[in-house]
Amino acid sequence: MAKNGAVTLKGVTKRFDAVLAVNNLSLRINEGSVFGLLGPNGAGKTTTLRMILRIMVPDEGAIEMLGEPLTESAQDRIGYLPEERGLYTRMRVRDVLLFLAGLKGLGEREAGRRVDEWLERLDLRSWTSNKVIDLSKGMQQKVQFIAAVVHRPPVLILDEPFTGLDPVNAGIIKDIMLDLRKQGSTIILSTHRMEQVEMMCDSICLINRGQSVLDGELAAIKRSYGKNTVRLEYEGDPGFLDQPDLVAAINHFGAVTEVRLRPNGDPQEILKAAVARGVRINRFELVEPPLNDIFIEKVAGTAHA
Amino acid sequence: MHKLWLVIKREYLTRVRTKGFVITTIIVPVLTVGILVLQIVTATRQAGHTLRIAVLDEAGGLGSAVARDLSGRLPSGQPEFQVVQVLENPPAGTRENVRARVLGGELDAFLVLPASLGEGKASAEFHTRNPGEVTISRELNHDVSNAVIGQRLQARGVDIRDVAQVVKGVDLKVIKVGTGGDREEQGQTIVLAIVVGMLLYTTLIIYGVATMRSVMEEKTTRVIEVLVASTRPFYLLVGKIMGVAAVGLTQYAIWVTAGALVTAYGAAVASMAHAGALPSLHLSWSMLACTMIFFLMGYLLYASLYAAVGAMVSSDQEAQQAQMPVTMLIVAAVVLFNVIIRDPNSSLSTTLSMIPFFAPILMLLRIALQTPPLWQIGLCLGILALSTAGIVFVAARIYRVGILMYGKRPSLAELVKWVKYT
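Residues numbered from 1 in each chain as written. Chains lettered and ligands numbered in written order. Predicted model: local features only at pLDDT ≥ 70, side-chain atom pairs only at ≥ 80, totals over all residues.

**Describing the overall build of chain A**
Phase 1 of the analysis: Regarding its fold elements, chain A presents nine helices and 14 strands.
Phase 2 of the analysis: In terms of overall dimensions, chain A has a C-alpha envelope of 75 × 45 × 40 Å along the principal axes.
Phase 3 of the analysis: In chain A, which comprises 305 residues, the share counted as buried stands at 37%. (Helix = DSSP H or I, 4+ residues; strand = E, 2+ residues; numbered from the N terminus. Buried ≥ 20, exposed ≤ 12 C-beta atoms within 10 Å, placed from the backbone.)

Rendered as structure tokens:
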């Protein structure tokens with residue numbers, strides 16, 4: 001199925017004085033996908049998002065949205081949940097949402113109808129005439145989420161959408177995201193939580209120092225690494241993992257230990273060493289590397305390059 | 001443009017609905033009226049009853065003359081003093097006796113004319129239970145002096161009435177010559193000019209700082225991030241400035257209406273109390289129009305500066321410091337009041353009133369004092385309009401960058417860079 005580009009960046013560069021925040025970045029985000037924009041702190045993610053949002057203009061390169069050059073009216077077709085949340089604290093919940101919906105081009109009556117629908121859906125109906133400051137942090141987050149989606153944007157940018165939410169509310173937000181995607185929205189997800197990316201994203205782009213260091217379909221990326229990781233549960237002396245020729249990295253999670261092998265490293269050698277030392281193996285599984293490891297390898301790799 | 005309207009509307013409505021707005025708008029005039037009414041009422045009440053007094057004439061021969069001259073009238077038309085008793089050359093102990101009667105409430109006060117009063121070697125004494133009532137003491141002093149002087153003159157064979165005729169002073173009336181007709185001057189031109197100048201000074205600072213705080217609110221709550229993802233920063237800035245201006249004009253309108261009512265009411269109360277007409281401050285329509293024009297231009301200029309300051313700071317403490325230069329400019333205009341009042345048309349006054357930062361206040365002051373040539377007003381407005389446009393442009397650029405910058409306050413060099421960013 002051939003998909004159109006929801007957002008396309010072509011050779012985008014942005015400088016702040018001497019700092020090159022984004023360096024010749026090209027991206028293609030497919031329509032109807034969930035796209036993960038990843039990268040360490042200060043990699044240029046926020047600047048990239050701000051350029052897509054038309055908050056900033058690239059110094060070089062071009063950005064297209066839904067097949068058209070980015071214009072002022074494009075802002076009405078993007079929804080945005082910034083990482084730093086913030087609303088007018090002394091305004092009433094409903095008034096804030098009506099104002100923000102109006103700024104996204106919704107007419108007064110339409111905005112009123114949709115805001116009420118969303119407040120109902122996110123269980124905030126009884127808080128509509130309270131001031132924002134009276135709401136708990138989680139509730140404020142939900143209000144801000146409504147502001148991002150109320151105008152049914154074809155492109156939705158969510159920066160760390162789950163931080164500060166309890167599992168129930170996080171689940172509600174996740175369901176809404178998947179619902180919106182089903183309706184054809186494209187979601188750009190920026191987060192440091194790799195397990196969320198693994199569960200939700202179709203494609204990713206990992207940027208570091210303003211440049212793309214990895215991008216493509218998530219499944220394809222993981223496949224390219226092969227099943228080079230052993231997921232272990234064992235009882236006994238961990239000394240059997242002390243094999244620098246074989247093991248590239250070890251990650252202890254408590255109950256589970258993940259061992260990444262060197263290229264051409266044979267997982268069978270691990271098992272042998274364990275048996276030889278009398279370690280009891282309860283679980284031995286060959287898996288694709290977690291995104292977390294790929295992230296660390298890529299970022300650390302370029303950092304030392 | 002619809003988005004600009006939304007920004008203005010939000011700014012206006014959220015401000016007008018705050019307690020602060022209601023308090024300043026309603027309480028200030030209510031307090032003013034209250035104080036005015038209280039003053040009038042207490043003034044008429046306090047002098048509301050006749051004081052019963054005794055006169056102790058230790059000099060002899062003065063008492064009845066003084067009693068005759070104590071002819072002051074209260075605003076209500078009642079005599080101020082009722083002389084119950086004149087005791088000439090009283091025997092020793094009379095003072096204690098009379099004092100006891102005052103304490104007992106039979107008398108309100110007693111006046112002592114010491115023996116050497118005629119030679120001017122002693123003071124007359126007024127003993128009273130309530131010295132607060134002696135707002136009349138000047139009058140009393142005058143009456144006693146008159147009686148004593150009359151006595152002395154009579155002793156020299158001169159009739160007091162002749163003397164009064166001879167030494168009667170001359171009144172000087174000052175007439176203001178203006179194109180709109182000549183008007184008797186009782187200091188109201190300068191008072192009006194200062195009132196208008198101070199009004200402009202206060203409102204420029206109040207609404208300028210309000211604009212700055214509003215910018216800071218959006219920045220510190222981070223709501224700005226969502227706003228700039230929805231519309232142009234320039235609309236946000238202009239919408240904010242216009243919204244706050246609308247709040248200011250609403251407040252002005254309420255105050256002018258209230259002021260008119262107070263003046264009418266005050267005049268009514270005053271005339272009922274026979275206090276005589278208050279010198280009225282005549283505010284012509286053209287003066288009102290000038291005030292509005294210069295307020296709006298000045299506000300646009302200063303609000304842009306304050307907004308730029310609000311955009312470049314991240315905390316209240318920083319804002320306190322960073323706003324100082326802007327506030328000092330407004331204060332400087334007030335400091336220069338003297339120069340203008342001394343000679344509104346001197347070349348120094350003319351030059352100062354052309355400097356855009358001072359123009360709104362100082363040119364208005366000049367217009368209120370002595371209407372300058374029309375070409376000067378035109379030139380001033382032209383300079384003001386051009387420089388305001390320039391300042392709005394620069395402020396908008398600083399605003400656009402500043403609202404997304406957190407952390408350290410920018411240096412002047414950094415600000416210049418901000419202005420140059422595309």
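**Things to note about the overall build of chain B**
Phase 1 of the analysis: Within chain B one finds 17 helices and six strands.
Phase 2 of the analysis: Out of the 422 residues belonging to chain B, those deemed buried represent 31%.
Phase 3 of the analysis: When contacts within chain B are restricted to residue pairs at least 6 apart in sequence, long-range pairs at least 24 apart make up 74% of them. (Contact = placed C-beta atoms within 7 Å.)

**Examining the pairing of strand S2 (residues 19-30) of chain A**
Residue and element names in this part refer to chain A.
Phase 1 of the analysis: For strand S1 (residues 5-16) and S2, the ladder comprises eight bridges, and the chain directions are antiparallel. Within S2, the position partnered with Phe16 by the bridge is Val19.
Phase 2 of the analysis: The turn linking S1 back onto S2 is made up of two residues, and Asp17 within it adopts a positive phi angle of 50 degrees. (Pairing = 2+ DSSP bridges.)

**Focus on the nonpolar core**
Phase 1 of the analysis: A:Leu97, A:Ile146, A:Ile157, B:Ala307 and B:Leu362 are the most contacted members of the largest nonpolar core, which totals 141 residues.
Phase 2 of the analysis: The leading source of residues in this core is helix H10 (residues 285-312) of chain B, at 15 residues.
Phase 3 of the analysis: Discounting chain neighbours no more than four positions away, the residues touching A:Ile157 are A:Leu49, A:Ile52, A:Leu53, A:Ile78, A:Gly79, A:Tyr80, A:Leu81 and A:Ile188.
Phase 4 of the analysis: Counting residues in each nonpolar core, the second largest holds 24 residues, with B:Leu107, B:Phe110, B:Val112 and B:Leu113 among its members. (Core = buried A, V, L, I, M, F, W, Y, C linked by C-beta atoms within 7 Å.)

**Digging into the packing of helix H16 (residues 374-402) of chain B against helix H17 (residues 412-420) of chain B**
All names here are of chain B.
Phase 1 of the analysis: Remark: H16 packs on H17, axes separated minimally by 8 Å, with the N-to-C direction vectors making an angle of 100 degrees. Relative to H17, H16 is oriented roughly perpendicular. Of H17, the residues touching H16 (which contributes Val394, Arg397, Ile398, Val401 and Gly402) are Leu415, Trp418 and Val419.
Phase 2 of the analysis: Taken together, the residues that form the contact of H16 with H17 break down as six nonpolar, one polar and one charged. (Axes fitted to C-alpha atoms, helices over the stretch in contact; angles between N-to-C directions. Parallel < 35°, antiparallel > 145°, perpendicular 65-115°, else oblique. Nonpolar A, V, L, I, M, F, W, Y, C, P; charged D, E, K, R; others polar.)

**Thoughts on the interface of chain A and chain B**
Phase 1 of the analysis: Opposite the 21 residues of chain A that make contact, chain B presents 16 residues.
Phase 2 of the analysis: Here the side of chain A that touches chain B takes four residues from helix H2 (residues 93-103) of chain A, the largest share from any one element.
Phase 3 of the analysis: Here the side of chain A that touches chain B is composed, by residue class, of 13 nonpolar, four polar and four charged.

**Here's the deal with H16(B)**
Phase 1 of the analysis: Taking 1.5 Å of rise per residue, 29 residues should cover 42 Å, and H16(B) covers 41 Å from first to last C-alpha, within 8% of that figure.
Phase 2 of the analysis: Residues of H16(B) that are buried: B:Cys380, B:Leu384, B:Thr388, B:Val392, B:Ala395, B:Ala396, B:Arg397, B:Ile398, B:Tyr399, B:Arg400, B:Val401 and B:Gly402. (Expected span 1.5 Å × (residues − 1).)

**As for the sheet that holds S2(A)**
Phase 1 of the analysis: Here we have four strands laid out as an open sheet, ordered S2-S1-S4-S5 (chain A), and antiparallel in their pairing. Pairing within the sheet leaves two strands with one partner each, and these edge strands are S2 and strand S5 (68-69) of chain A.

**Remarks on H2(A)**
Phase 1 of the analysis: Within H2(A), nine of the eleven residues are buried, which leaves it mostly tucked inside the rest of the structure.
Phase 2 of the analysis: By the burial criterion, the buried members of H2(A) are A:Val93, A:Val96, A:Leu97, A:Leu98, A:Phe99, A:Leu100, A:Ala101, A:Gly102 and A:Leu103.
Phase 3 of the analysis: Buried positions along H2(A) lie against helix H3 (108-121) and helix H4 (137-149) of chain A together with helix H1 (2-16) and helix H8 (223-228) of chain B.
Phase 4 of the analysis: Looking one or two residues beyond H2(A), the residue adopting positive phi is A:Gly105, at roughly 95 degrees.

**Focus: unusual backbone geometry**
Phase 1 of the analysis: Not every positive phi belongs to a glycine, and A:Leu66 is a case in point at roughly 50 degrees.
Phase 2 of the analysis: For A:Leu66, the position within the fold is in the loop between strand S4 (60-65) and S5.
Phase 3 of the analysis: With 16 C-beta atoms counted inside 10 Å, the residue A:Leu66 sits in the partly exposed group.
Phase 4 of the analysis: Despite not being glycine, B:Asn89 shows a phi value in the positive range, around 40 degrees.
Phase 5 of the analysis: With 13 C-beta atoms counted inside 10 Å, the residue B:Asn89 sits in the partly exposed group.

**So, the environment of A:Pro82**
Phase 1 of the analysis: One can find A:Pro82 in the loop between strand S6 (78-81) and H2.
Phase 2 of the analysis: By C-beta crowding, A:Pro82 is classed as buried, having 24 other C-beta atoms within 10 Å.
Phase 3 of the analysis: Along the chain, A:Pro82 and A:Arg50 lie 32 residues apart, while their C-alpha atoms are 9.8 Å from each other.
Phase 4 of the analysis: If we ignore the near neighbours within four places in the chain, the residues touching A:Pro82 are A:Asp159, B:Arg222, B:Glu225 and B:Val226.

**Some words on the sheet that holds strand S1 (residues 51-57) of chain B**
Residue and element names in this part refer to chain B.
Phase 1 of the analysis: Judged by pairing direction, the sheet is mixed, and its four strands sit side by side in the order S2-S1-S3-S4 without closing on themselves. In this open sheet, the two strands that pair with only one neighbour each are strand S2 (81-88) and strand S4 (125-128). Averaged over all adjacent pairs, the angle separating strand axes in this sheet is 20 degrees, with direction ignored.
Phase 2 of the analysis: In this sheet, S2 lies alongside S1 in parallel orientation, the contact comprising seven bridges.

**Structural notes on the pairing of strand S14 (residues 280-287) of chain A**
Residue and element names in this part refer to chain A.
Phase 1 of the analysis: Among the eight residues of S14, zero are classified as buried, and the element is accordingly described as predominantly exposed.
Phase 2 of the analysis: Two strands pair when backbone bridges link them, and strand S11 (residues 229-235) and S14 are joined in this way by seven bridges, in the antiparallel orientation. Within S14, the position partnered with Glu233 by the bridge is Arg283.

**Here we look at the confidence of the model for chain B**
Phase 1 of the analysis: Considering every residue of chain B, the mean pLDDT works out to 82; 87% of them sit at 70 or more.
Phase 2 of the analysis: Quick note on the complex model: pTM equals 0.74, ipTM equals 0.84. (pLDDT = per-residue confidence, 0-100.)

**Re the environment of A:Trp127**
All names here are of chain A.
Phase 1 of the analysis: Note on placement: Trp127 falls in the loop between H3 and H4.
Phase 2 of the analysis: Residue Trp127 is classed as buried on the basis of its 20 C-beta neighbours within 10 Å.
Phase 3 of the analysis: Separated by 35 residues in the primary sequence, Trp127 and Arg92 have C-alpha atoms spaced 8.8 Å apart.
Phase 4 of the analysis: Not counting chain neighbours up to four residues away, the residues in contact with Trp127 comprise Val93, Leu135 and Met139.

**Describing the environment of B:Trp418**
All names here are of chain B.
Phase 1 of the analysis: Topologically, Trp418 is positioned in helix H17.
Phase 2 of the analysis: You can call Trp418 buried: it has 20 C-beta atoms within 10 Å.
Phase 3 of the analysis: A sequence separation of 242 residues divides Trp418 from Lys176, and the C-alpha atoms of the two residues are 52 Å apart.
Phase 4 of the analysis: The contact partners of Trp418, leaving out residues within four places of it in the chain, are Arg397, Ile398, Val401, Gly402 and Pro410.

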